[in-house]
Amino acid sequence: MGELSYMSASSVIDTKHLEEAIRESLERLPPMPAVITRVMEMTNDPNCGVQDLQKVISMDEVLSSKVLRLVNSARYGFPKRITTLSHAVILLGFETIRNLAIGVAAVRLVLRHGASSPVNRQRFWEHSLETALAAAALAKHLRKDLIMREEMFLTGLLHDLGILFLSQNFPAEYRAVVERSECLEAVYPLEQELLGITHAEVGARMAEHWNLPPVFAEVMLHHHDPIEDSPFFHQVGAVYLGDRLSGSIAAEAPPEQMPDLPVHLCEVFRMDNNSWSWCRREVEMQMDAARDFLHILQSP
């Protein structure tokens, strides 16, 4: 996932006690704000109307402003400025509103847990964006509907949230992982060895703690090892491939050079050198607009 930024860590880690400390820290993670939880419930209710949802969103000044900023961003490119929440909800759709609410809350809750981190945060988010865009492009490649594309985008954006949690809450210990890794793609096996737990498991526990839709925990837990019989195999597989594609961008590999990938994934996603190259071009073309979305999530 690109360059790492770290300081030296020389002490030996007590894996057993550290794992217990991480699990205790996860249990103390703040819950999702009530308004966000209500938005998730309403957007899953087929009987919910636009005005009902708009009233709930308006209760959260931060979320309201982000909805309006998103609908007027380069990501959507509507020709006229949208000034009302109800109009924004109609144009964006319930799924996008839900994803924005989840993204806003998740980023806010994680970033409030300290700024000290051995991980290069800028590159972390660049990688997350590349993964998200690639996952959404793969959904488009498979001719999935817009709802599936939005879902793949957000699960891709948040797939490594466990890394942020570990690196910010346990910076000295995570520094030992970073020191032995050339890039963040290589931290996964070292986390289990040195910490007793991986960012994949941590991310899944975060998603469960926040009562996010099950697809989030599944993607976070298995994005390094997609399981064919998973009910969310397409979402997990897309994020896995997006993760690999981001790695190829960071390594500056030729666009048409597809890495070795699991055969069953290539078959399911109809992936060959041409489709790989197309997906990578899609990611690179959309990065600027996607940065707007990320800025909206991270801003106060």
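Residues numbered from 1 in each chain as written. Predicted model: local features only at pLDDT ≥ 70, side-chain atom pairs only at ≥ 80, totals over all residues. Heavy atoms only, no water.

### Considering the packing of aromatic side chains
Applying the stated criterion to the full structure yields three aromatic pairs. Pairing Tyr 76 with Phe 78 gives two aromatic rings, centres 6.2 Å apart and planes at 10 degrees, and the pair type is stacked. Residue classification places Tyr 76 among the partly exposed positions, given a relative accessible area of 23%. A relative accessible area of 31% places Phe 78 in the partly exposed class. Consider the rings of Phe 153 and Phe 293, whose centres lie 5.3 Å apart with planes at 75 degrees: the pair is edge-to-face. Taken together, the residues Phe 153 in helix α8 (residues 146–158) and Phe 293 in helix α16 (residues 273–298) connect sequence positions 140 residues apart. (Phe/Tyr/Trp six-rings, centres within 6.5 Å; stacked < 30°, edge-to-face > 60°. Buried < 20%, exposed > 50% of the residue type's maximum accessible area, 1.4 Å probe, protein only. Helix = DSSP H or I, 4+ residues; strand = E, 2+ residues; numbered from the N terminus.)

### Section: the pattern of salt bridges
A side chain with one charge may pair with a side chain of the opposite charge, provided their charged atoms come close. In total, this model carries 13 salt bridges according to the counting rule given. For Arg 38, the salt bridge goes to Glu 41, with nearest N and O atoms at 3.3 Å. One end of the pair, Arg 38, and the other, Glu 41, are both in helix α2 (residues 34–43), three residues apart, so they sit about a helical turn from each other. When the shortest N-O distance is used, the salt bridge between Glu 126 and Arg 291 registers 3.0 Å. Of the two residues, Glu 126 is situated in helix α7 (residues 121–141) and Arg 291 in helix α16; the sequence distance between them amounts to 165 residues. On the basis of relative accessible area, Glu 126 is assigned to the buried category, the value being 18%. For Arg 291, a relative accessible area of 33% puts it in the partly exposed group. Through salt bridges with shared partners, a single ionic network connects Glu 19, Arg 23, Glu 201 and Arg 205. (Salt bridge = Lys/Arg side-chain N within 4 Å of Asp/Glu carboxyl O.)

### Things to note about the confidence of the model for the protein
Mean pLDDT over the protein stands at 87; residues scoring 70 or higher make up 94%. Here residues 1–11 is a poorly scored stretch, pLDDT under 50, and it has 36 contacts once near neighbours within four places are set aside; other chains count. (pLDDT = per-residue confidence, 0-100. Contact = heavy atoms within 4.5 Å.)

### Focus on the packing of helix α9 (residues 161–169) against helix α12 (residues 199–209)
Running from N to C, α9 and α12 point in directions that differ by 100 degrees, and their axes come no closer than 7 Å. As summarised for this structure, α9 and α12 are arranged roughly perpendicular, according to the angle between their axes. Together, Leu 161, Gly 162, Ile 163, Phe 165 and Leu 166 of α9 and His 199, Val 202, Gly 203 and Met 206 of α12 make up the contact between the two elements. Of the residues that constitute the contact of α9 with α12, the class distribution is six nonpolar, three polar and no charged. (Axes fitted to C-alpha atoms, helices over the stretch in contact; angles between N-to-C directions. Parallel < 35°, antiparallel > 145°, perpendicular 65-115°, else oblique. Nonpolar A, V, L, I, M, F, W, Y, C, P; charged D, E, K, R; others polar.)

### Considering the layout of surface pockets
One number sums up the size of the largest pocket: a volume of about 250 Å³. What lines the largest pocket is a set of 14 residues, and nearest its centre among them are Arg 75, Leu 133, Ala 136, Arg 149 and Gln 286. Where the lining of the largest pocket is concerned, the elements lending two or more residues are α7, α8 and α16. Taken together, the residues of the lining of the largest pocket sort by class into eight nonpolar, one polar and five charged. (1 Å grid on protein atoms, 1.4 Å probe; cavity = no way out; pocket = protein on both sides within 12 Å on 5 of 7 lines; lining within 4 Å. Points joined across faces, edges and corners; volume = space filled by probe spheres on them.)

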